[in-house]
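Descriptive analysis of the structure
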Amino acid sequence: MESHTSGPDAETKTMTDPDVSVLFHCAPWGGLRESQVQVELSERFNKQTDVVLERHIDQVWAERVSKEPWLFNGAKFRLHSFCLVLPSSHSSNTFLDYAEEQKRAKQVDFGHADLSSDVTNLTDSGSSKDPATCDSGEFNGITLKRPLPLGPVLYLRLGLTSYKDYLGTNWSSGASELRQRGEDEFSDPLALLAQPLGVGAVVCTRDGQVVMIRRSQSVAEAGGLLDIPGGHPEPKVVCERLGHSVSEDQISVVVMQQKPDAVVSELFSSVCAEIRDEVNIPLSSLGEAVLMGIALNHTSAGRPSAEFYISCSLTSDEVRKLYWKGGAEANESTDIIFTSTTVSSHESCDFLVGYLLARDTACCSLKTDDGVWMNIKTS
């Protein structure tokens, strides 16, 4: 993605990733809180594989490690698919399943105005069983782990993968061939891809600035490009919180299936931890993480990332000073850059509910308390 500086004499272009799209955004519902996300963990949601693919992954990993010996093969969560349950004032609830949209990298865009047409087009089933009244059981094939809140609920179907698998599939030069094999053999172009679920954060400071960092040339991907803070939720952290001290290669879905809420907690807390480690902002200065949607990075064959909005009680100057003091992962970036908000009725943004990434412009879609939409641009 290419973003442009603002102002009458702005000529400089700052490069960010050129091929990112939004698969699903939560703008119609003001974003989703932690209580509105549930997960289903199963080995069924792991990638498919065979001897030939595993040999290829081993070869790619060996080559990368020989050049970058600091690379670490950690376990990651694999996003298989997801669905949304919308509460209804009627006897049934709307059930939206995005499995096919994710496979085809089709954007689910509810737009900023008329939401009803998109919801109608995507809905192919309802249910006479109201999940809001259920403590457990199944709703349209989804196992409910707790009663539903009043708002919409996003269900993530997760398996396990690894960073090694990611480099050998999504980031491999043979990714397009793997997509075709997946389509031919499993009717799913993503079947042979690692698809690790990442997290990213649009951090808005007290003076209405959004934080971006320039990635170091030493990182494994997108070196030298602008990015928002982010990383991955860690399965090992979930296991440790559940009282299981295991190595990366001993992590299993079975352990985490006992308490899927711990996975949701890690999803939301990991993005705050990434901000702390990459930008050096204390957790105490960060607000609640609000899920804005899911983006796809097509440079890495459609790797998914959960994108969040997080307010920061510090000003941009205060954040800048903390950044240059260095955090735990200071080596992953070389500079910090702030984007300013363009607001029609407010000088700052109170709440960011969704963002749209276009191929030629860096644009975040924002909404204030009075419902005014605006954009942020690189300044």
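What counts, and where the lines are drawn
- Residues numbered from 1 in each chain as written.
- Predicted model: local features only at pLDDT ≥ 70, side-chain atom pairs only at ≥ 80, totals over all residues.
- Heavy atoms only, no water.
- Helix = DSSP H or I, 4+ residues; strand = E, 2+ residues; numbered from the N terminus.
- Expected span 1.5 Å × (residues − 1).
- Buried < 20%, exposed > 50% of the residue type's maximum accessible area, 1.4 Å probe, protein only.
- Arc of directions from axis to C-beta.
- Contact = heavy atoms within 4.5 Å.
- Phe/Tyr/Trp six-rings, centres within 6.5 Å; stacked < 30°, edge-to-face > 60°.
- pLDDT = per-residue confidence, 0-100.

Each α-helix turn comprises 3.6 residues. Residues three or four places apart therefore point the same way. Relative to the 24 Å expected for 17 residues at 1.5 Å per residue, helix 1 (residues 51-67) spans 25 Å between its end C-alpha atoms, a close match to the ideal helical length. Turning to helix 1, its buried residues number three or more, namely L53, I57, V60, W61 and R64. Along the axis of helix 1, the buried residues cluster in a sector spanning 100°; they form a single face. Counted as exposed and oriented over 90 degrees from the buried face of helix 1: V51, V52, R55 and S66.

The next subject is the environment of I310. Within the element layout of this structure, I310 appears in strand 15 (residues 303-311). Residues I310 and G287 lie 23 residues apart in sequence; the distance between their C-alpha atoms is 5.7 Å. In this view, I310 contacts A201, V202, V203, C204, V271, C272, I275, L286, G287, E288 and A289; residues no more than four positions away in its chain are not counted.

This part takes up the packing of aromatic side chains. Enumeration over the complete set of coordinates arrives at six aromatic pairs. Centre to centre, the rings of Y163 and Y166 are 5.8 Å apart; their planes meet at 35°, and the pair counts as tilted. In this pair, Y163 and Y166 are both assigned in helix 4 (residues 163-168), three residues apart and thus about one turn of the helix distant. On the accessibility criterion, Y163 (12% relative accessible area) is buried. Aromatic ring contacts, followed pair by pair, group F24, W29 and F82 into a single cluster.

Segments scoring low in pLDDT should not have their predicted coordinates read at a detailed level. On average, residues of the protein score 76 in pLDDT, and 68% of them reach the 70 mark or higher. Mean pLDDT per element in the protein: helix 3 (residues 116-122) is the minimum at 29, and helix 4 is the maximum at 97. Across residues 107-142 the pLDDT falls below 50, and counting only partners more than four positions away or on other chains, this stretch makes 79 contacts in the model. Below pLDDT 50 for its whole length, residues 342-379 participates in 115 contacts with residues either more than four positions away or in separate chains.

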